[in-house]
Amino acid sequence: MLSLLKKTGDKASAMQPAWHPNFRNVEHLPDTKAVRTAFFVNGLAVLVAVVLLVYTAYKQYHLGVLSDSVAQAEQIIADNKPTSDAAIANFRKFQEAEKEFQAAEALIGSKLVFSDLVFHLGATLPPEVSLNAIEYRGTGVNLTGTVSGSPEKASGMVTTYLEQLRKDPVLNKLFPEVELTNMSRNTAAEMINMELMLKFPVPKAVPKKK
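None of the values given here were measured: they were computed from a predicted structure.

Peer 1: What am I meant to see in the pattern of salt bridges here?
Peer 2: Two side chains that carry opposite charge are able to pair once their charged atoms sit near each other. Tallied over the full model, the rule gives 3 salt bridges. Between K81 and D85 there is a salt bridge, with the nearest N and O atoms lying 2.9 Å from each other. A residue pair is termed a helical-turn pair when its members lie 3 or 4 positions apart in one helix, as K81 and D85 do in helix α2 (residues 37-108) at 4 residues. Taking relative accessible area as the criterion, K81 reaches 47% and is therefore assigned partly exposed. Taking the shortest distance from any N to any O, the salt bridge between K199 and E179 comes out at 3.2 Å. Residue K199 is located in strand β4 (residues 191-199), and its partner E179 is located in strand β3 (residues 177-186); the two are separated by 20 residues in the primary sequence. Of the residues examined, K199 reaches a relative accessible area of 27% and is grouped as partly exposed. Residue E179 is classed as partly exposed on the basis of its relative accessible area of 31%.

What follows is the structure, encoded as structure tokens:
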């Protein structure tokens, strides 16, 4: 009987863990972690800052390149603006002259196209002759130009060119008369200034109805 009670007590005491008071202060204990959590937080913050810095620097560089390209394009535009303005002004003069030629075409009833006339005059122009202006003057077309060479040779070339215009089969249909209206010698430049008039045919008067 005593042996049974003794065995039961020993078994109960073996199942109970030993108890002792815990006097540890957790707040004052040293950190035993190999890598602290704050290290990862700070490292991540530094990485984000570096990435933003690199991105900002790249954007600034890209904006600088674009600014230089825009500045170069603006400089090219500024350099070409006088030539462009002159071309636009000449084109407007061309359009105005073409309108006048179209009005003359309607007046005389002929098929006169300004661009065709200019191209034809340029294609048949002798090497010694230069045309400075082609101007419509109501009754015809005035040609202003120069002929290079010695006075005798240039004078003969003016006469030759005048006859060429008079015998031109294309111009003869549009301008039955071609006259030399002015010729002056330019001794300093060794050339002769000339003005020729291509006259439109005089429109026939329409008889009045009785």
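Peer 1: Honestly, the layout of surface pockets in this entry has me stumped. Any pointers?
Peer 2: The volume enclosed by the largest pocket comes to roughly 310 Å³. In this structure, the largest pocket is lined by 14 residues; those nearest its centre are K93, A97, F114, I134 and E135. When residues of the lining of the largest pocket are traced back to their parent elements, those giving at least two are α2, α3 (114-123) and β1 (129-136). Across the lining of the largest pocket, the residue classes break down as 8 nonpolar, 2 polar and 4 charged.

The rules behind these values
- Residues numbered from 1 in each chain as written.
- Predicted model: local features only at pLDDT ≥ 70, side-chain atom pairs only at ≥ 80, totals over all residues.
- Heavy atoms only, no water.
- Salt bridge = Lys/Arg side-chain N within 4 Å of Asp/Glu carboxyl O.
- Helix = DSSP H or I, 4+ residues; strand = E, 2+ residues; numbered from the N terminus.
- Buried < 20%, exposed > 50% of the residue type's maximum accessible area, 1.4 Å probe, protein only.
- 1 Å grid on protein atoms, 1.4 Å probe; cavity = no way out; pocket = protein on both sides within 12 Å on 5 of 7 lines; lining within 4 Å.
- Points joined across faces, edges and corners; volume = space filled by probe spheres on them.
- Nonpolar A, V, L, I, M, F, W, Y, C, P; charged D, E, K, R; others polar.

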